[in-house]
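The primary structure of each chain is shown beneath.
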Amino acid sequence: MYKLFLCFRYLRRRFAAWAAVIAVALCVFMLVVSISVMDGFVSKIEVAAKGLYGDVVVDGKSLDGLPYYDELIAEIKRQLPDKVEDASPFILTYGLLEAPFFSANSRQTVQIAGIRLPEHTRISAFGQGLTYQGDIDQPTFDPPLEHLLENIRRQIHQTDRLARDVARDKGLYDRLENAWKQLPPPQRDRFEDAWGSLSPEQNDRLGTVWRKQPPEQRDRLEGRSAIVIYALFSYLGSPDPNVTIPLRNLYTAAFQQRDMEEILVRAKPYQAQMAELERQINQAIADGTADEPAEGDASGNDDGLTVKTKEDALREQLNRLTEMAGSDRYAGDVSFPFQPPGRRAIVGLGLPGFIFRTEDGTVVRMAGPGNDIVLTLIPFGEKSLTGNLLVRDVFTIIDESRTDVSTVDANTVYLPFETLQKINKMGPQIDDETGRIARPARTSQIHVKVRPAFAQARERANSRLAVRLGMEPRLRDALDEVAADIQRIGMELRNDPRYAAGFAGTELRASSWRERQRFLVGQIQSQRTLVVIMFAVISSVAVVLIFVIFYMIVLQKTKDIGVIKSLGGSSMGVASIFLGYGGATGLIGAVLGILGGWQFVKHINAIHDWVGRTYGFHVWNREWFMFDEIPAQVDASSLLSIAVGAIIAGLLGSLIPAIIASHMQPVRALRYE
Amino acid sequence: MRFTIGKKINNPAPTNAAVVVRDLHKTYHLGKTTLPVLRGVSLSVRKGQFVAMVGASGSGKSTLLHLIGLLDKPDEGEITLDSRAAATLSSGQRHRMRCRDIGFVFQFYHLLSELNVLENVALAAMVDHSTLGWLAQRGQQRKRAATLLDRLGLGGRLSHKPKELSGGERQRVAIARALINQPKILLADEPTGNLDSNTGRQILDVLRKTNRELGQTILMVTHDATIAEQADHVLHLLDGRLVE
């Protein structure tokens, strides 16, 4: 009993021991936070990686593609009704993206995915990641215009508000200012002229905005960044989406410091338009209806600000603006009516130039539905890649997709499956002479969704204790099993005389998304392991600290040790006091560290934002990541491991001092000075 | 009572002997220097006797007391406590004997500063109990400690910390701690050495009273001849040997 009694009494009364407790708590805190953030990261990546693909992916192992995909899908569904929920073909190829609304020189390579909507949304989380159609069950490449308008309006209004925050964004100003400095002097002069030609009302309005800026921002801008002010004015000048879209494009162009000449030309007509809108806004302000563009206000109340009937007004406005900002290459920035449904695209939310993210994670869009893009690609589906095969076509952006995997979102454009199949030369080829199908239609991949009930049942079965202890064999992973089944079905189809000719020279491979994304997820998991190991090594400092503190305590308590032994305490008993003391130090440190870490992780984003606001110090640069928030996931088993580790650290740190204490001769201990 | 000085006793220990020491040798090694402290001490103390050991500083009094109290082991010689030869005791038996049969009172009290008066006394009882055993008897043991402290005039000081007590009070707490397990032998190493003469006398009275009322065998080391005179017998140690 005396061991327990003295252990806790020392713990209560020795301040040095609390230093050890704090050291352990800090290490535990550090581990909890780092592991939780890394787990959150891995989890987010895993979810996102799965979001891009279906549970199981079938492909033909070549760019040539896989024939008879609809037949294969039908066969999969027929043979595996309990395991497979749905399946959909998917084409993946590569091409060149041009965004003429930025500038004629804006080009980038992208991967182009052909998907069937809404079928593809039943296979993956793709539908939930759509900006404008995320809230409807059946997203398509031809959404109801009304729905689209409402969402665009909401987005843009939000963007306008965000633009005000952007105006206070020091980083953005730095970039713009640098851009301004890099401009050739004649162009700067032209901008100054443009700035000088603003109407008095515009100047007044701008002045109001100007006065609201913090003094240091005004200093930074004064007399130099007319481009910034102009762009800012573009945003602040109008809450009307019909005007904001092209103005935003102008802003984008200004932001990217491209084609300044063109910007100037385009800017002129907008000034008149803005003046008119100013008048309307002032009128609306006087009527008390100006501030919020009335959401869902489709009744067309004729207040001069909101649309008459949305569709008509948008058509009218866009057509006018198209004329005003006409380009010699394309019909204009915003094409209306949009390209036909087969010529629509969904762009990844993260394509360079389409959006940028402020330091606080706000997404500022530079393009959206209504903008046209041009895609150029080599039709890899063509058997023989000779001659001038380049395919080039215009598509209207209809939505944007977010998978949260930056390499996907920054690099992918989605087109209707049949469209991409056709331009990628993967459609059916008819023999001119016989009129029969010489080559069946093909797809790059088939994405398969495994029934969640089947996957969960398999997971439950494998998580039973008997399986974990190795007493019962582990069942095959649900996805791997379905992949094997599909592989079998695929091979049966391939060997079927009816399809054998079409499959000639085509391999078939079915594998789970985990297998596909092994490299991506595996790398993050390796990083997580590395971080955990690094922090665990750093945490070993706590063991050394506990050792030093306990060694000091043992020296201080030498006489006590002599007394305890003279009272009949054994060497083991004395050792247990200090080991228990160390273990308790680890336990209390673990509890404090876990509680602190848990709370920190829970509020990590708020804390990060507060630190950023107060000290201007941002650890998590949201411009680099596609996650709005720092991901964090507290896992109970990790916490338990950390707590056990902390207790072991306490025991290890106190082990040598405990041995020293136990070996003390009572006579020497009593005489110790 | 028979003292055999510097000579080996071959006769078996008398049955009424509480402590029998035969030809005890102890040498301390301090680096390259060897320091013989006891050079063949033999003695026998009857149960219930109050024996004082006097001698100059360094004569080996405390060392002899520590050896008898099983806090140290002799280089040569035998110690028999309550008819049990110390050399034959296992480590566990030595711990148990120190806990149950021997009580120590030190010159510098050696109270644990983190514990209050009652806890310091109860600690000695705790050592003899397992956790469950102590929890079962906790109330009873604490009551016993409180009664003992009350008898020693510390009834109102139970929750005081050692630093809040005077030297005499601290020593009385140390005596209470030594007596809580009702040991057969009480070993007191200069119990009055750190106290003024008046307080020292009071402590001595406590020891004498204990000896009288409880029949405890007491071996007291002192360098003060007037204190030693209060004992039933006085042993003189000189350069590691007992002298008449």
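Everything here concerns the structure above.
Keep in mind that what you see is a predicted model, and the values were worked out from it rather than measured.

Comments concerning the overall build of chain B
Line of reasoning, step 1. Across its full length, chain B carries seven helices and 10 strands.
Line of reasoning, step 2. Out of the 244 residues in chain B, the part that is buried amounts to 53%.
Line of reasoning, step 3. For chain B, the accessible area works out to roughly 10,900 Å², and carbon and sulfur atoms hold 46% of it.

Considerations on the packing of helix α22 (residues 571–602) of chain A against helix α24 (residues 636–662) of chain A
All names here are of chain A.
Line of reasoning, step 1. Interaxial distance between α22 and α24 falls to 7 Å at its minimum, and their mutual angle equals 150 degrees. Taken as axis vectors, α22 and α24 run roughly antiparallel relative to one another. The element α22 and its partner α24 pack so that their crossing is right-handed. Together, S571, V574, A575, F578, L579, G582, G583, G586, L587, A590 and I594 of α22 and L639, A643, A646, I647, G650, L651, S654, L655, A658, A661 and S662 of α24 make up the contact between the two elements.

Looking at helix α6 (residues 197–214) of chain B
Residue and element names in this part refer to chain B.
Line of reasoning, step 1. The terminal C-alpha atoms of α6, which comprises 18 residues, lie 25 Å apart, in line with the 26 Å expected from a rise of 1.5 Å per residue.
Line of reasoning, step 2. What α6 keeps buried is the set T199, G200, I203, L204, V206, L207, T210 and N211. For α6, the angular spread of the buried residues around the axis is 150 degrees, confining them to a single face. Opposite its buried face, α6 presents the exposed residues S197 and R212, each directed more than 90 degrees away.
Line of reasoning, step 3. Those residues of α6 that are buried lie in contact with β3 (50–55), α5 (167–179), β7 (185–189), β8 (217–222) and α7 (225–228).
Line of reasoning, step 4. For α6, the side-chain oxygen to backbone nitrogen distance between the N-cap and N198 is 3.1 Å, and the N-cap itself is D196.

Things to note about the side chain of E114(B)
Line of reasoning, step 1. Note that E114(B) resides in the loop between β6 (102–105) and α3 (117–127).
Line of reasoning, step 2. Residue classification places E114(B) among the buried positions, given a relative accessible area of 5%.
Line of reasoning, step 3. What E114(B) contacts, discounting residues up to four positions off in sequence, is R9(A), Y10(A), R13(A), R14(A), K557(A), D560(A), E119(B) and K161(B).

Remarks on the packing of aromatic side chains
All names here are of chain A.
Line of reasoning, step 1. The tally for this structure, following the rule as stated, stands at eight aromatic pairs over all chains.
Line of reasoning, step 2. Between Y68 and F503, the ring centres sit 5.9 Å apart and the planes meet at 45 degrees, which makes this aromatic pair tilted. In this pair, Y68 sits in the loop between β2 (66–67) and α3 (69–79) while F503 sits in helix α18 (residues 500–503), placing the two residues 435 residues apart along the sequence.
Line of reasoning, step 3. The class of Y68 is buried, set by a relative accessible area of 18%.
Line of reasoning, step 4. Of the aromatic side chains, those joined through ring pairs into one cluster are Y68, Y499 and F503.
Line of reasoning, step 5. We note K602 situated over the ring of W598; from NZ or CZ to the ring centre the distance is 5.5 Å.

As for the environment of L375(A)
Line of reasoning, step 1. As for its position among the elements, L375(A) is in strand β8 (residues 372–377).
Line of reasoning, step 2. Separated by 265 residues in sequence, L375(A) and V110(A) have C-alpha atoms that sit 9.1 Å apart.

Considerations on the interface of chain B and chain A
Line of reasoning, step 1. With 27 residues of chain B at the interface, the matching set in chain A holds 25 residues.
Line of reasoning, step 2. Between chain B and chain A, the buried area comes to about 2,400 Å², and carbon and sulfur atoms account for 65% of it.
Line of reasoning, step 3. Interface area lost by chain B to chain A is led by H110(B), E114(B) and V127(B), which between them contribute 25%.
Line of reasoning, step 4. Connecting chain B to chain A are two salt bridges.

With respect to the pairing of strand β10 (residues 412–416) of chain A
Residue and element names in this part refer to chain A.
Line of reasoning, step 1. Counting buried positions over the five residues of β10 gives five, a clear majority of the element.
Line of reasoning, step 2. Here strand β4 (residues 107–115) pairs with β10 via five bridges, running parallel. Each residue of the ladder has a partner; that of A113, found in β10, is Y414.
Line of reasoning, step 3. By the bridge criterion, two bridges tie strand β5 (residues 344–348) to β10 in an arrangement that is antiparallel. Bridge assignment links I346 to a residue of β10, and that residue is Y414.

A word on the environment of V482(A)
All names here are of chain A.
Line of reasoning, step 1. Along the chain, V482 falls in helix α17 (residues 478–495).
Line of reasoning, step 2. Distance in space between the C-alpha atoms of V482 and D55 is 9.2 Å, their sequence separation being 427 residues.
Line of reasoning, step 3. Beyond its immediate chain neighbours, meaning those up to four positions away, V482 contacts V56, K83, V84, V450 and F454.

Let's talk about the layout of surface pockets
Line of reasoning, step 1. For the largest pocket, the calculated volume is near 850 Å³.
Line of reasoning, step 2. Along the wall of the largest pocket there are 36 residues; nearest its centre are V667(A), R671(A), S62(B), T63(B) and H66(B).
Line of reasoning, step 3. At the level of secondary structure, the elements contributing two or more residues to the lining of the largest pocket comprise α25 (666–671) of chain A together with β1 (17–30), β2 (33–46) and α1 (61–68) of chain B.
Line of reasoning, step 4. Of the residues in the lining of the largest pocket, the class split is 11 nonpolar, 14 polar and 11 charged.

What about unusual backbone geometry?
Line of reasoning, step 1. Residues L117(A) and P118(A) are joined by a peptide bond in cis, for which omega reads 0 degrees.
Line of reasoning, step 2. Summarising the element assignment, P118(A) is placed in the loop between β4 and α4 (145–166).
Line of reasoning, step 3. Here D82(B), not a glycine, exhibits a phi torsion of approximately 50 degrees, which is positive.
Line of reasoning, step 4. Tracing the backbone through its elements, the reader meets D82(B) in the loop between β4 (76–81) and β5 (84–85).
Line of reasoning, step 5. Since its relative accessible area comes to 22%, D82(B) is described here as partly exposed.
Line of reasoning, step 6. Although it is not a glycine, D239(B) adopts a positive phi angle of roughly 50 degrees.
Line of reasoning, step 7. Residue D239(B) is classed as partly exposed on the basis of its relative accessible area of 48%.

Thresholds, definitions, all that
Residues numbered from 1 in each chain as written. Chains lettered and ligands numbered in written order. Predicted model: local features only at pLDDT ≥ 70, side-chain atom pairs only at ≥ 80, totals over all residues. Heavy atoms only, no water. Helix = DSSP H or I, 4+ residues; strand = E, 2+ residues; numbered from the N terminus. Buried < 20%, exposed > 50% of the residue type's maximum accessible area, 1.4 Å probe, protein only. Areas by Shrake-Rupley, 256 points an atom, 1.4 Å probe, with all protein chains shown as cover. Axes fitted to C-alpha atoms, helices over the stretch in contact; angles between N-to-C directions. Parallel < 35°, antiparallel > 145°, perpendicular 65-115°, else oblique. Left-handed = near helix turned anticlockwise from the far one by under 90°. Contact = heavy atoms within 4.5 Å. Expected span 1.5 Å × (residues − 1). Arc of directions from axis to C-beta. Polar contact = N/O pair within 3.5 Å; in protein donor to acceptor, adjacent residues only side chain to side chain. Phe/Tyr/Trp six-rings, centres within 6.5 Å; stacked < 30°, edge-to-face > 60°. Lys NZ or Arg CZ within 6 Å of the ring centre and 35° of its normal. Buried area = accessible area lost by both parts, 1.4 Å probe. Salt bridge = Lys/Arg side-chain N within 4 Å of Asp/Glu carboxyl O. Pairing = 2+ DSSP bridges. 1 Å grid on protein atoms, 1.4 Å probe; cavity = no way out; pocket = protein on both sides within 12 Å on 5 of 7 lines; lining within 4 Å. Points joined across faces, edges and corners; volume = space filled by probe spheres on them. Nonpolar A, V, L, I, M, F, W, Y, C, P; charged D, E, K, R; others polar.

Distances and angles like these do not, on their own, reveal function.
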